[in-house]
Structure formats: C-alpha cells, structure tokens
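Here's the letter readout for the chains.
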Amino acid sequence: MAEKAEVVFVDGVRTPFGRAGEKGQYWNTRADDLIVKAMIGLLERNPNLPKDRIDDVAIAATTQQGDQGLTLGRTAAILAGLPLSVPGYALDRMCAGGMTTVTTIAGAIAFGAYDVGIAGGVEHMGRHPMGFGADVNPRFVAEKLVNPDALAMGATAENLHDRFPALTKERSDRFGMRSQQKVAAAYEAGKIQPDLIPVAIKSEAGWGLATQDEGMRPETTMEGLAGLKTPFRSHGRVTAGNSSPLTDGATASLIASADAAKDLGLSVKMKMISFAFAGVEPEVMGLGPVPSTEKALRKAGMSIGDIGLFELNEAFSVQVLSFLDHFGIDDDDPRVNPWGGALAIGHPLASSGVRLMIQLARQFEEHPEVQYGLTAMCVGLGQGGSVIWENPNFKGGK
C-alpha cells in the first residue's frame, strides 16, 4: 500500500465575526450566504486552482436547521459557483466543527482518495442559538449519564474554577483583558485584516459592509471586569468579560496533498503533522484539549516543549488557563495566542477551529525560528480537539 500523502494547509479566510442577535451586523444576513462569501473569497485568492479539481467540500454547523441546514457543504458549493461535479457534506462536532472538517478532509487526502478539499464552518448564533430545537434524551439526566451542568457551557466553566482553586477569577479576568488588548494591537498592526473577506450587510440604515470583528472592547479594565454579573452561578466567577461572546461568522480553508499543491502552483502555509480528538467528563468539558493534545503529541513522537506557537480557542478564560497550568505554561507566555482570541473576537462555534489555523499560519510567516505550532480547543459535551502543524518557513533556531 502506498505511503500516506503529506497534508498541507494552503490558505484560509474568514468573514469578520459579528455580534449575535438583533443588534449584530449579520442579523439580516443568511448563514449560508456567510459561508458562500468566505468560499468565494478563498477561491479568488487562489486562482491557480481549477475548480473542478476540488474533490469535496466539508462545511460544519452546530445547529443544522433553516438557512444553516440542508447538507450545507453541497448547497454552499453550488451557491459559490463550483462545478456540479464537486460534492459536499455537512458536519457537526459543536465547537470543533471546522477543525473536524479540516481533519476529515485531511484523512481522505492522506489515504489517497482526495487531492484537494475545502473545509470550513459557519455559525449564525443570532438565528440559530446553540441547542435551539434540540430534543435532549431524558436518559442523560434521569440515569445520571451526565451531570446536568454538562448542558450549560457556562456552568462547566464554573466547575473548572471549583476543581482547580488556583484558577482564580482574577486570573480569568486578567486573561480576558489581555486578549482584548492583544486583538486591538494586532488590528492596529494590520495583522488580522488580510484574511478577512468583507460582507455586504443590510440594516435599517441601508446597505453597508462588514470589514472587521464586531464587539471588541480594547478599553476593558480589571476594575470594570470585577463588577460584572456572574450569570451561571450566584457569586460565581464566570462573567461576560472572561467568556467568549455569542457570535456569527464563517471560515473556509483549502487543504491539499503536498504533491497536488506543488503541481497546481499553490502556496503551502502549514504542513499537518498530527491530530487527535479526546473525551472528558462533560461537566468539565473545558479540560478536553489536555488529553487531545497529549494524544496528538504522542502520535507525533513529540513533547509539549516542541511547540513554539499556540492558538488556543478562548471559549472561557478558565478553560485556557486549565490547559496552561497542566502543561506548565505561564499565563502571559508570548507563544500563546499572540494576537488574542475568542474572548475578544468571538466564538461562532463551528467556524472557530479554522480561525485558529488562519492565525497560526500568519504567525508562522513572522516566526521562521519556530518549527511547530498547535491549534486546540474544547468541545461541548466533554471533548477536545488538537492539530499539530509544521512551519514551512522554519529556518532553524528554537
């Protein structure tokens, strides 16, 4: 049997992320239009790729209903102008939906079934709140298969504070404030804008253009964060300031075999080394990236010390801090989320995994001394996902 093909991340783009709800910039925008816009932007950035060479389109969404349902990968492929010969499918792994479309396409490429695929995700949390319309089996609670907290993400974050007393509210607030500051600095330096695809939006004021993430709060202070309500528990520690806001947005990426990328003259921004998913107790779902990262490292024959850059999804501050404490990494380690993360930008569930990859790829360009990077995230109902990447720009050093 032939050796597995090398899998590479060719390119990735996203829409600006918008605040969910009636006051958000995408309230009058369809979910499928968001992912189609991202896909068209991705294809326009890669004109060397013949559209009929795309083997599959995998698009994730967590709440698959309405304009976010109907085998989204196939409908988005048609709407984006791909040939009808290109198939597509939808996928759901809650927060790690986009990450899983990438690893699923990657698996098909490594096996030799595909050469090139589009992988992405979309979440319109304003139109489709997480779990909306879901009919959770009563056995989960009646037979105590899971703690009732497992179905409320904010409660699972409070449980992490309980389990690890070193994870204080002050640390969580400070991490949230730093994320806001880092995102603002990255915007100021023009680092995030190159991968954003503008989206036409309609409001009562007329037509406009979404060109940046909505809802950033660079003016955040520790004093302001200290006074916020704790909606998940009386006198709790999880607030709007140390949680990712509800958000709408889409991401799309081009994944290929190294050989196909070379033949087609496509750029290579990252090479996939290893990936893993793992499960934990649902009531502490934020711990998920710990075992998934350990598994991915083990599969690659690596240790955490080999990782030079981390893009960790900031669903909640406490969740990232639990990962850092486990691996002995400082809260302010410059390798971790150098441009901030979901606490400021938002976490449109199924699309966030690819956002992590987009930012890591850009940072690889800036850091030729770094050989390996990690994208990792926690996943609802007690899971974690991790992908290890190699920097093609690596010049030796660290």
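Computed from a predicted structure; not experimentally measured.

Definitions and limits used
- Residues numbered from 1 in each chain as written.
- Predicted model: local features only at pLDDT ≥ 70, side-chain atom pairs only at ≥ 80, totals over all residues.
- Heavy atoms only, no water.
- 1 Å grid on protein atoms, 1.4 Å probe; cavity = no way out; pocket = protein on both sides within 12 Å on 5 of 7 lines; lining within 4 Å.
- Points joined across faces, edges and corners; volume = space filled by probe spheres on them.
- Helix = DSSP H or I, 4+ residues; strand = E, 2+ residues; numbered from the N terminus.
- Nonpolar A, V, L, I, M, F, W, Y, C, P; charged D, E, K, R; others polar.
- UniProt positions renumbered as here; feature names shortened; annotations may be inferred.
- Patch = residues over 30% accessible without salt bridge, like charges linked within 9 Å, V, L, I, M, F, W, Y side chains within 5 Å.
- Areas by Shrake-Rupley, 256 points an atom, 1.4 Å probe, with all protein chains shown as cover.
- Salt bridge = Lys/Arg side-chain N within 4 Å of Asp/Glu carboxyl O.
- Phe/Tyr/Trp six-rings, centres within 6.5 Å; stacked < 30°, edge-to-face > 60°.
- Buried < 20%, exposed > 50% of the residue type's maximum accessible area, 1.4 Å probe, protein only.
- Lys NZ or Arg CZ within 6 Å of the ring centre and 35° of its normal.
- Axes fitted to C-alpha atoms, helices over the stretch in contact; angles between N-to-C directions.
- Parallel < 35°, antiparallel > 145°, perpendicular 65-115°, else oblique.
- Left-handed = near helix turned anticlockwise from the far one by under 90°.
- Contact = heavy atoms within 4.5 Å.

What follows covers empty space enclosed by the protein. Following the criterion strictly, the structure yields 2 cavities of 30 Å³ or more and no others. Quantified by volume, the largest cavity comes out at close to 60 Å³. Lining the largest cavity, in full, are R14, K191, I192, D195, L196, W339, I358, Q359 and R362. With 3 residues, helix α12 (residues 352-366) is the largest single contributor of residues to the lining of the largest cavity. Among the residues making up the lining of the largest cavity, the classes are represented as 4 nonpolar, 1 polar and 4 charged. Computed from the structure, the second largest cavity encloses a volume of approximately 30 Å³. As for the second largest cavity, its lining consists of F9, D11, G12, R45, D195, K269, I358, A361 and R362.

When the UniProt feature table is mapped onto this chain numbering, "domain: Thiolase N-terminal" (unreviewed entry) sits at residues 7-258. Structurally, residues 7-258 comprises 31% helix and 19% strand, and the distance from its first C-alpha atom to its last is 6 Å.

Moving on, we come to a nonpolar patch on the surface. The grouping of V136, F140, V141, L145, L151 and L381 at the surface amounts to a nonpolar patch, some 490 Å² of accessible area in total. Residue placement: L151 occurs in the loop between α4 (139-142) and α5 (153-163).

Here, UniProt's "domain: Thiolase C-terminal" (unreviewed entry) annotation points to residues 268-390. As annotated, residues 268-390 comprises 34% helix and 24% strand, and the C-alpha atoms at either end are separated by 11 Å.

A few words on the packing of aromatic side chains. Applying the stated criterion across every chain, the model contains 4 aromatic pairs. Ring centres of F9 and W389 lie 5.8 Å apart, and the angle between their planes is 80 degrees; this geometry places the pair in the edge-to-face category. In this pair, F9 is assigned in strand β1 (residues 7-14) and W389 in strand β12 (residues 383-390), connecting sequence segments 380 residues apart. When the centroid spacing of 6.2 Å and the interplanar angle of 65 degrees are considered together, the rings of F275 and F277 count as edge-to-face. When its relative accessible area of 33% is taken as the criterion, F275 is described as partly exposed. Positioned above the aromatic ring of F17 is the side chain of R14, whose terminal nitrogen or guanidinium carbon lies 4.5 Å from the ring centre. Its guanidinium or amino end placed over the ring of F277, R93 lies 3.8 Å from that ring's centre, counting from NZ or CZ.

Here we come to the packing of α5 against helix α10 (residues 317-327). Where α5 contacts α10, the two axes come as close as 9 Å, and the packing angle between them is 40 degrees. Relative to α10, the element α5 lies oblique. Every pair of crossing elements has a handedness; the one defined by α5 and α10 is left-handed. The segment α5 lies against α10, with A157, L160 and H161 engaging V318, Q319 and S322. Split by residue class, the contact of α5 with α10 holds 3 nonpolar, 3 polar and no charged.

Right, let's talk about the layout of surface pockets for a bit. One way to see where empty space is left: roll a probe the size of a water molecule over the atoms. The space that makes up the largest pocket amounts to roughly 600 Å³. In this structure, the largest pocket is lined by 29 residues; those nearest its centre are S243, S244, P245, L246 and F316. Mapped by element, the contributors of at least two residues to the lining of the largest pocket are α5 and α6 (169-188). Looking at the second largest pocket, its volume works out to about 390 Å³. As for the second largest pocket, its lining consists of 13 residues, of which M94, M130, G131, A134 and V136 are closest to the centre. Residues belonging to the lining of the second largest pocket are distributed by class as follows: 9 nonpolar, 3 polar and 1 charged.

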